[in-house]
Amino acid sequence: MLRLALPLILAELAWMSMGIVDTMMVGHLPNSAEAIGGASLAGIIFSVAGIFGIGLLMGMDTLVSQSFGAGNTEDCNKSLWNMLYLTLPLAPILMGLVELSLYFVHRFGINPGVETVAEPYMQVLVWSMLPLLLYSGCRRYLQGVNDVKPVPFVLISANVINFGGNWVLIYGKFGFPAMGIDGSALSTVLARIYMAGAMIYFVMRHDRRTGGTLWRVSKRPEFQRMWQLLRIGFPAAGQIAFEIGVFSFATAIVAKLDARSLAAHQIALSAASFSYMVPLGFSSAAAVRVGQALGRGDLAGARQAGWSAVRLSLVFMGSAAVLFLVAPGMIARFFTPDPAVIAASTGLLAIAAAFQLFDGAQVVATGALRGMGDSHTAAIVNLVAYWFIGIPLGWVLCFRYGWGARGVWAGLCIGLVLIGTALLWTWQHKTRNWTTLGMPVPAGLRK
C-alpha cells in the first residue's frame, strides 16, 4: 500500500500546494483580504465543474485496475482511448457551466470587493479546463497499471512553473506588466497545460516500455465501454460535486459576511484541504489495489488493501488534528500578516481538527468502494449528510444564532462525522458479504 500510495500522496500534496501558493502570493498584495477572498471564491467555483469532470473519468480506476489485475493490458489501452473521446466534448460543456455560474454570483449578494476580484480571475482560469481533464485521465491510466512515479514528478515540476509564473506575472518581473491577481490565474493555466503535455508523454513512454500495444489496439469508439466509464464515473463525479459544491456554497455563505471572515475561511479551508490530500492519496491507492485484487479474484487481498489504507489514513489525520489545535496561529501566518484574519482563523482551525479523522475515513472508504465498482453509495451519503443536514444547520448557526463563519464550519463538521461513519460501515458490510459482488466467497472469508 505504501509503495503505491506514497507517490500519489506526494502528488496530491503538490496539487494542493499550487492553490496554497496562489493564496499566499495574492495574499501579499495591498488588498490582502479581498485578494484572498476573490481568488478563493473563483477557484472553488471553477473546482465544482473541474472536479466534476475529473470525477467522470474515475471509472478509469475501476476498469484499468481490474483489467491490469487480470493481465489484460490491451483492454487497459482501449479504456484509455475511450476516455479521450469522452474528454474532448466534456471540456467545453464544463467551461460553459463555469461561465454560467457568474450569473448566479452577481445575484447572491457577494461582498462587492470580493466579487470585483473573483470575476476576472475566473474568466482566465476557465481556459485550464481541457488540460486539467487530459492530465487527470492519463494519470488514472498510469495509476491503474502501477506506473505512479511520473505523477509526483509532473505535479512538483508544475509547482515550480506555477510559482515562477506567479512571481513574474503577479508582481511584474523581467519586463512583464504587473497583472496582480489575474497573473495568478494565468500562471495556473500555463502550469496545467504543462501538466497535460507531460502526462501524455509519460503514457507514451509507458507504452513503449511495455510492448507498444497502445497504437495497435482498436481505436474506434466503443459506446459500451464509454457507458461503463460513465456508469462508474457519474456517481463518483456526483459525490465529488456534492463535496466540492458544499464547500463552494459554504464559501458563498461566508462571502455574505465581511472580507476578514472570508479570508479566515479560505485559510482554514486551505489547511484542511492540504491535510486531506494525504488520505486522498491513500484513497486512490485503495481504489487501484482493491480493483487489481478483484481482477485476479483475490477477495481477501481486496479487503486487506482497503483496511490498510483506512488505518494509515487515520494515523496521519490524527496527527493533523493535533497540529491544528496546538499551532493555529503559526499556520495562519503563512498566509497573511493581518492580525484580525489570523485571530479569526484560529477558531475555524479548531473545528477542522474535530473532523480530521472522519474526513480521512470517508475519502479512503470512497476509494475502496470505487475499486469494487460501487461509486453510488458515497454520492448518496454525501448528498444527504452535507446538503440536507450540514449546510442547513450551518446556515442557521451562522445567521440566526450569530456564529458567523464558525457556524458554517460546525455544520460541515457534523456532515463529515455522518459521512465517515456511514461509509466505513458500508465498506465493512460489503466485505463481509462478498456475494453482493456476484463472486464466490473464498473459504477464508465465509465466517
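Residues numbered from 1 in each chain as written. Predicted model: local features only at pLDDT ≥ 70, side-chain atom pairs only at ≥ 80, totals over all residues. Heavy atoms only, no water.

A. Highlighting the overall build of the protein chain. Scanning the protein chain from N- to C-terminus turns up 15 helices and 0 strands. Over its C-alpha trace the protein chain gives a radius of gyration of 21 Å, about what one expects of a compact globule, namely 22 Å for 447 residues. Its C-alpha atoms give the protein chain principal-axis dimensions of roughly 60 × 50 × 35 Å. With 447 residues in all, the protein chain has 60% of them scored as buried. By sequence separation, contacts in the protein chain at least 24 residues apart represent 84% of the contacts at least 6 residues apart. Charged side chains of the protein chain number 30 positive and 19 negative; the gap between the two group centres comes to 10 Å. (Helix = DSSP H or I, 4+ residues; strand = E, 2+ residues; numbered from the N terminus. Rg over C-alpha atoms; globule rule 2.2 N^0.38 Å. Buried < 20%, exposed > 50% of the residue type's maximum accessible area, 1.4 Å probe, protein only. Contact = heavy atoms within 4.5 Å. Lys, Arg positive; Asp, Glu negative; His and termini not counted. Charge placed at Lys NZ, Arg CZ, Asp CG, Glu CD.)

B. Quick look at the nonpolar core. Grouped together as the largest cluster of nonpolar side chains are 112 residues, with contacts concentrated most on Met1, Met129, Phe282, Val290 and Trp409. Of the residues forming this core, the biggest block, 19 residues, is contributed by helix α10 (residues 259-295). Contacts of Val290, omitting those with residues within four sequence positions, involve Ala302, Ala305, Gly306, Ala368, Gly371, Met372 and Trp427. With 32 residues, the next largest nonpolar core counts Ala14, Leu63, Leu142 and Val145 among its residues. (Core = buried A, V, L, I, M, F, W, Y, C linked by side-chain atoms within 4.5 Å.)

C. Region of interest: the layout of surface pockets. A volume near 330 Å³ is recorded for the second largest pocket. Surrounding the second largest pocket, 17 residues form its lining, Ile20, Ala271, Phe274, Leu323 and Ile331 being those nearest its centre. Every element with two or more residues in the lining of the second largest pocket is listed here: α1 (2-26), α10, α11 (299-326) and α12 (328-333). Considering every element that reaches the lining of the second largest pocket, the biggest residue donor is α1, with 5 residues. Classifying every residue of the lining of the second largest pocket by side-chain character gives 14 nonpolar, 3 polar and no charged. (1 Å grid on protein atoms, 1.4 Å probe; cavity = no way out; pocket = protein on both sides within 12 Å on 5 of 7 lines; lining within 4 Å. Points joined across faces, edges and corners; volume = space filled by probe spheres on them. Nonpolar A, V, L, I, M, F, W, Y, C, P; charged D, E, K, R; others polar.)

D. Representation of the confidence of the model for the protein chain. Taken over all residues, the pLDDT of the protein chain has a mean of 85, while the share at 70 or more is 93%. At the level of individual helices and strands, the protein chain shows its lowest average pLDDT in helix α5 (residues 112-125), which scores 76, and its highest in α11, which scores 93. When the criterion is pLDDT under 50, residues 439-447 qualifies, and its contacts beyond four places in sequence or with other chains add up to 13 contacts. (pLDDT = per-residue confidence, 0-100.)

E. Main features of the pattern of salt bridges. The final tally for this structure, using the stated rule, is 7 salt bridges. Here Asp61 makes a salt bridge to Arg370, at a shortest N to O gap of 2.9 Å. Pair noted here: Asp61 is in helix α3 (residues 59-69) and Arg370 is in helix α13 (residues 339-371), with a separation of 309 residues, a long-range link. What makes Arg370 buried here is its relative accessible area of 5%. Here the residues in one salt-bridge network are Asp61, Arg140 and Arg370, joined through shared partners. (Salt bridge = Lys/Arg side-chain N within 4 Å of Asp/Glu carboxyl O.)

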